[in-house]
Amino acid sequence: MIDLRSDTLTMPTEEMLKTILTADLGDDGRLDENERGEDATVNALEDLSASITGKEAAVLFSSGTLANTTAVLTYCNPGDRVLVDEIQHIYRSEKVVFDKKFGQLIPVIYKLNKRSTPDVDNLKFLMQRNNIKLLCIENTHNFAGGICIDLKELKQIYSLAKEFGIHVHMDGARLFNAAVSLDVKAKDLCRYTDSVMFCISKGLGAPVGSLLCGNKEFIKKARRTRKLLGGNMRQAGVIAAPGIYALEHNIQILKKDNENARFVADSLRELKNAEVQQNVQTNIVMLDITKTGLTSTEYCAKAKEKGLWIRPALENQVRMVFYNGVSHKDAAYAVKVIKDIDASL
Ligand SMILES: *Cc1c(COP(=O)(O)O)cnc(C)c1O
């Protein structure tokens, strides 16, 4: 079975797991005068993450959802308005910051342009008419098909937000997929944001964890929010050690994942029924199955019968995600399955 459901399926390697045995551990929830914990390995991962994103400080979380939630709640008070796009992870999947029982923030929905990056004119229009506290962007954009916001666009978006005194948070769950695709440093992509979250638990291959990075004052506040949300951990060096290994060894692996995704998309241009995503940039490929006459659940069931495990994404869309452990041969097999299904319809 070729499993393309998600890049969260990456398994830690033996070499990565060995780092846990020799990690210098302590109680990360016990704070010193600078409000940093006592786990030296967590501190090392946080410092490495800050340096890699070009930010002053970073803080470790057990998940990307908790890191995004903490970031948004650190910037905002109940009733504040937050700019998100309709298919953004924070809005569509995580939801809690906009829940009436929990975060109580008000979403203001901005449009994506044809390339599926934020529509700057629409952002400006919305900023002029609403009292906005925070703008959230997603890079790469998961439900848009792993699309990257490049440096030029980031700069434009950031300058606009600053004109209106608005903070910018970037959900960079797959930040490094964007960096290797655009051939820029991660820190360049983070320059035009106030804070960024990235996951070590996806393509980078670590078992658990996400980092929130920003300036010292923001991260200090975020640590307090994390504690309120029950996000403090104890000997979290056991997850930080594989995280350090991931950042030191696995960033370049993402290139291969991006290449496999593009290979699959390029091989599926001639389908008669399903329609493959045009502008594949990173490790995600969307397949529009509207014209197949099948629901996305039915389509995925057919694929699974033939040895390809994929999942519905948005309505009429099926998502394929490439990660370490999916070889070029596996990618070629996925192409064969999709072509076979298409021919059988
Ligand atoms: C995976 C993901 C997250 C965070 O997910 P967790 O499963 O909570 O770690 C956030 N944003 C995007 C775009 C994601 O793909």
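See the structure shown above.
Residues numbered from 1 in each chain as written. Predicted model: local features only at pLDDT ≥ 70, side-chain atom pairs only at ≥ 80, totals over all residues. Heavy atoms only, no water.

### A look at the overall build of the protein
Thinking step 1. Helix and strand content of the protein: 13 helices and 13 strands.
Thinking step 2. Its C-alpha atoms give the protein a radius of gyration of 20 Å, within 12% of the compact-globule value 20 Å for 345 residues.
Thinking step 3. Overall, the protein is about 65 × 55 × 40 Å in size when its C-alpha atoms are taken along their principal axes.
Thinking step 4. Counting every position in the protein, which comprises 345 residues, the buried fraction comes to 56%.
Thinking step 5. Expressed as a percentage of contacts within the protein between residues at least 6 apart in sequence, the contacts between residues at least 24 apart total 72%.
Thinking step 6. Carbon and sulfur atoms make up 49% of the accessible area of the protein, which totals about 15300 Å².
Thinking step 7. Computing the positive centroid from 46 side-chain charges and the negative centroid from 44, the protein places the two 3 Å apart. (Helix = DSSP H or I, 4+ residues; strand = E, 2+ residues; numbered from the N terminus. Rg over C-alpha atoms; globule rule 2.2 N^0.38 Å. Buried < 20%, exposed > 50% of the residue type's maximum accessible area, 1.4 Å probe, protein only. Contact = heavy atoms within 4.5 Å. Areas by Shrake-Rupley, 256 points an atom, 1.4 Å probe, with all protein chains shown as cover. Lys, Arg positive; Asp, Glu negative; His and termini not counted. Charge placed at Lys NZ, Arg CZ, Asp CG, Glu CD.)

### What about the pairing of strand S5 (residues 132-138)?
Thinking step 1. Counting buried residues along S5, six of its seven residues qualify, which places the element largely inside the surrounding structure.
Thinking step 2. Examined bridge by bridge, strand S3 (residues 81-85) and S5 share three bridges and lie parallel to one another. Counted as the bridge partner of Val 82 is Leu 134 from S5.
Thinking step 3. Pairing of S5 with strand S6 (residues 167-171) involves five bridges; the strand directions are parallel. Across the sheet, the residue bridging to Ile 137 is Met 170, located in S6.
Thinking step 4. What joins S5 to S6 is helix H6 (residues 151-163), and the crossover it makes is right-handed. (Pairing = 2+ DSSP bridges. Right-handed = clockwise from strand over helix to strand, strands pointing away.)

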